[in-house]
Amino acid sequence: MYYEKVLHNPEKALEQLTKSPLPFLEAALLQAEVLMHLHRDEDALKILLAYQAKLDKSINKDTLKLTFWPLLAEVQAKRGAWIEASDAWQNYFKLQKEPPYPSDYLRELAIVWSKLQRYDLAEQEWNKIPNDKLLPEDQLDIINGKFHLSNFKAVDTLSTEFLKKYPTQTDLRLKLAQILALTKNTALYQDAIKDLPPLESLDNSSSKAYFQLALINADFPLAQQLFDARSSLWKDDPTFTPTLYQYYTNLSKPDLAQTAARQGAQLFPNQLDAALFAIQHGNDDAYNAAWITKLHPDYDIDQLSATELLIYGLALQEEALEDFLSGRAPSVEHIPALYQSAQALEKLAQHYSHIPEALYYYGQTLYLLGKKENALEKFQSAIRIDDSYSEAYLNAGLASGTISYINKALQWAPNNPQAWEVLAMIELKQENLQEAIKAYHQASIFKPYDPTLYFKIGELQLQANNPKQAVEAFDQALAITPNEVEILQELLKALYHPYFLTQKETLPNITAQQQEVYEKLYQLNPKEAVQLRKKLISHWKP
């Protein structure tokens, strides 16, 4: 009855609660709940935080806390305060020691872990929810988590089951297609998008999903067609500004891209994600946040919550991290932003020294700044708190060059191709060529659609004087990216290896393949093709 009153007239319910004869703490919790129903989340948070200390003195403290912690977690999640939300949920589950746990609460904690990029912990929570309680959106989150954990076999299996279960739901299929487009599993991706209804019949949600999918696939004519048809709905939607930014960037319209980034913050100045996106993308200098300080005066580093510090720090380091993950050292222009990032994340680590993610991300910035010993110390601290934190082991291995850390990372996340790649890099530095090849092979098992892995295997097989295996690896890389000049060059070099001169029975096939690869390369880069073949033929004496 109470909830019916709240739903029909929450303002009246709030007025009555202020005069309520209920015990003080119970009334406070109900007030917070009603305020959240009225979307007055900041007011609800103030009430909850004000009475948090008084809960410990309450006679019925455990009973009240079982209501309090989910409420606090919910309001923090609505604010995008993911660290605080995870703290609240963990406090709830410490009290609720015995299963069964409410599926809704497990779902919310799983989503929070995903937001913090702890997909391994999210997976643990999803596994606790009975299959018959999982929603379609939950299953998409699980598939997305498997993708981020690089468990591509599970992505393929779960995606196949999902498409069979929801063959006609356009919106769901398009969201799944976005994940499959990133895995580069062409066959499953085609299954997800086949027989879609005409563009003009798509609803707004499906149109957004299709638009994002077009951007992922670099199909800009299709993206423009969708945008032109629905721009009036999308252009003032602050949650859509990251996609608009990407759209305008791909169309080489930087002014419009920056306007989209700023617009999100201006439309929703109190929305953390919109403001941080503007910090990231709103200026020519991606890390010059002076203008947003005027827009958002409270954006003083000492005023930021834990999650705000985390997102702010990560936004500042993003460009340098992208360079690093692409195999390049962060450039000098990134250094000021990285120092700002370190300042924010250091403050986070000081206040939340019991949260391993806080220490991990601080260590990540220190590593990007070249402070490997300090970074290693933070990764080790994160591991001491959570000895199953595979990413912390992985980065400790990177910082120290120690294989034992990588082996520990693989113990907890054996399907992580990045760990196998780092292992291969360390083995190479130690001149263990065959071990490096094995590690790259393992990475390719869990990341089967990445041509760079097969390319590296081919290079190392050539270096190990195994041209036959090198040709096989380069062929696998070309099957994924058939017009990649660098792969064609290395394949041609492998085909002209003296080893094949000794294989008289297969020599005609080899020479035919040499010609085929040369012609492909010539179509893409005639000058390079002629020069390379001339050089190779001088050593080829059939």
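Residues numbered from 1 in each chain as written. Predicted model: local features only at pLDDT ≥ 70, side-chain atom pairs only at ≥ 80, totals over all residues. Heavy atoms only, no water.

(A) Region of the structure containing the overall build of the chain. From N to C terminus, the chain includes 31 helices and 0 strands. A buried classification covers 49% of the 542 residues belonging to the chain. Taking the contacts inside the chain whose residues are at least 6 apart along the sequence as the reference set, 54% of them involve residues at least 24 apart. Only carbon and sulfur atoms are counted for the fraction: they give 51% of the accessible area of the chain, which is about 27,500 Å². (Helix = DSSP H or I, 4+ residues; strand = E, 2+ residues; numbered from the N terminus. Buried < 20%, exposed > 50% of the residue type's maximum accessible area, 1.4 Å probe, protein only. Contact = heavy atoms within 4.5 Å. Areas by Shrake-Rupley, 256 points an atom, 1.4 Å probe, with all protein chains shown as cover.)

(B) Layout of helix H7 (residues 103–115). End to end, H7 covers 18 Å across 13 residues, agreeing with the expected 18 Å (1.5 Å per residue, within 8%). For H7, every residue scored as buried is listed here: Ser103, Leu106, Arg107, Leu109, Ala110, Val112, Trp113 and Ser114. In this structure, the buried residues of H7 make contact with helix H6 (82–95), helix H8 (119–128), helix H9 (136–148) and helix H21 (356–368). Remark: Gln117 follows H7 within two positions and exhibits a positive phi of approximately 65°. (Expected span 1.5 Å × (residues − 1).)

(C) The nonpolar core, seen in detail. Leu48, Leu72, Leu310 and Leu348 are the most contacted members of the largest nonpolar core, which has 94 residues in total. In this view, Leu348 contacts Ile83, Ala306, Leu309, Leu310 and Ala358; residues no more than four positions away in its chain are not counted. With 33 residues, the next largest nonpolar core counts Ile143, Leu180, Leu226 and Trp234 among its residues. (Core = buried A, V, L, I, M, F, W, Y, C linked by side-chain atoms within 4.5 Å.)

(D) Representation of the environment of Tyr405. You can see Tyr405 is positioned in helix H24 (residues 403–412). For Tyr405, the contacting residues outside a window of four places in its chain are Leu376, Gln380, Ile383, Tyr393, Ala396, Gly397 and Ser400.

(E) Representation of the confidence of the model for the chain in the model. Per-residue confidence for the chain gives a mean pLDDT of 80; residues scoring 70 or more make up 81%. Here helix H18 (residues 290–295) stands out as the least confident element of the chain, with mean pLDDT 41; helix H22 (residues 372–385) is the most confident, with 95. Predicted confidence for residues 1–7 stays below pLDDT 50, and this span has 9 contacts to residues more than four positions away or in other chains. Residue range residues 283–298 is modelled with pLDDT below 50. Its contacts to residues more than four positions away, or to other chains, number 31 contacts. (pLDDT = per-residue confidence, 0-100.)

(F) Quick look at H9. Spanning 13 residues, H9 covers 19 Å between terminal C-alpha atoms, matching the ideal 18 Å at 1.5 Å per step. Listed in full, the buried residues belonging to H9 are Asp138, Gln139, Leu140, Ile142, Ile143, Gly145, Lys146 and Phe147. Residues of H9 that are buried make contact with H7, H8, helix H10 (152–165) and helix H11 (170–183). Phi turns positive, to about 60°, at Ser150, one or two residues after H9.

(G) Looking closely at the pattern of salt bridges. Summed over all chains, the structure comprises 15 salt bridges. Linked through salt bridges whose partners overlap, the residues forming this network are Arg118, Asp120, Glu357 and Asp386. (Salt bridge = Lys/Arg side-chain N within 4 Å of Asp/Glu carboxyl O.)

(H) Local environment of unusual backbone geometry. Backbone geometry at Glu431 places phi at a positive 60°, although glycine is not the residue there. With respect to the helices and strands, the residue Glu431 is situated in the loop between helix H25 (417–429) and helix H26 (433–446). For Asn465, which is not glycine, the phi torsion reads 65° and is therefore positive. When you line up the elements, Asn465 lands in the loop between helix H27 (451–463) and helix H28 (467–480).

(I) Up close: a negative patch on the surface. Together, Glu472, Asp475, Glu516 and Glu519 make up a region of like negative charge exposed at the surface. Of all the secondary-structure elements, those providing two or more residues to the negative patch are H28 and helix H30 (507–524). Mapped onto the elements of the fold, Glu519 is located in helix H30. On the basis of relative accessibility, which here comes to 41%, the residue Glu519 falls in the partly exposed class. (Patch = residues over 30% accessible without salt bridge, like charges linked within 9 Å, V, L, I, M, F, W, Y side chains within 5 Å. Lys, Arg positive; Asp, Glu negative; His and termini not counted. Charge placed at Lys NZ, Arg CZ, Asp CG, Glu CD.)

(J) Expanded view of the side chain of Gln461. Following the sequence through the fold, Gln461 ends up in helix H27. Gln461 gets classed as buried once you look at its relative accessible area, which sits at 7%. Setting aside chain neighbours within four positions, we find Gln461 in contact with Ile437, His441, Asn466, Gln469 and Ala470.

(K) Representation of the packing of aromatic side chains in the model. Tallied over the entire structure, the rule returns 15 aromatic pairs. Ring geometry for Tyr92 and Tyr105: centres 5.1 Å apart, planes at 90°, overall edge-to-face. One end of the pair, Tyr92, is in helix H6; the other, Tyr105, is in helix H7, and 13 residues separate them in sequence. You can call Tyr92 buried: its relative accessible area is 3%. Ring geometry for Tyr518 and Tyr522: centres 6.0 Å apart, planes at 45°, overall tilted. Here Tyr522 and Tyr518 lie together in helix H30, a separation of 4 residues that amounts to about one turn. The buried category is assigned to Tyr518, whose relative accessible area is 13%. Among the aromatic residues, those joined into a cluster by ring pairs are Trp89, Tyr92, Phe93, Tyr101 and Tyr105. Cation over ring: Arg118 sits above Tyr389, and NZ or CZ is 3.6 Å from the ring centre. The side chain of Arg533 reaches across the aromatic face of Tyr518, ending 4.0 Å from its centre. (Phe/Tyr/Trp six-rings, centres within 6.5 Å; stacked < 30°, edge-to-face > 60°. Lys NZ or Arg CZ within 6 Å of the ring centre and 35° of its normal.)

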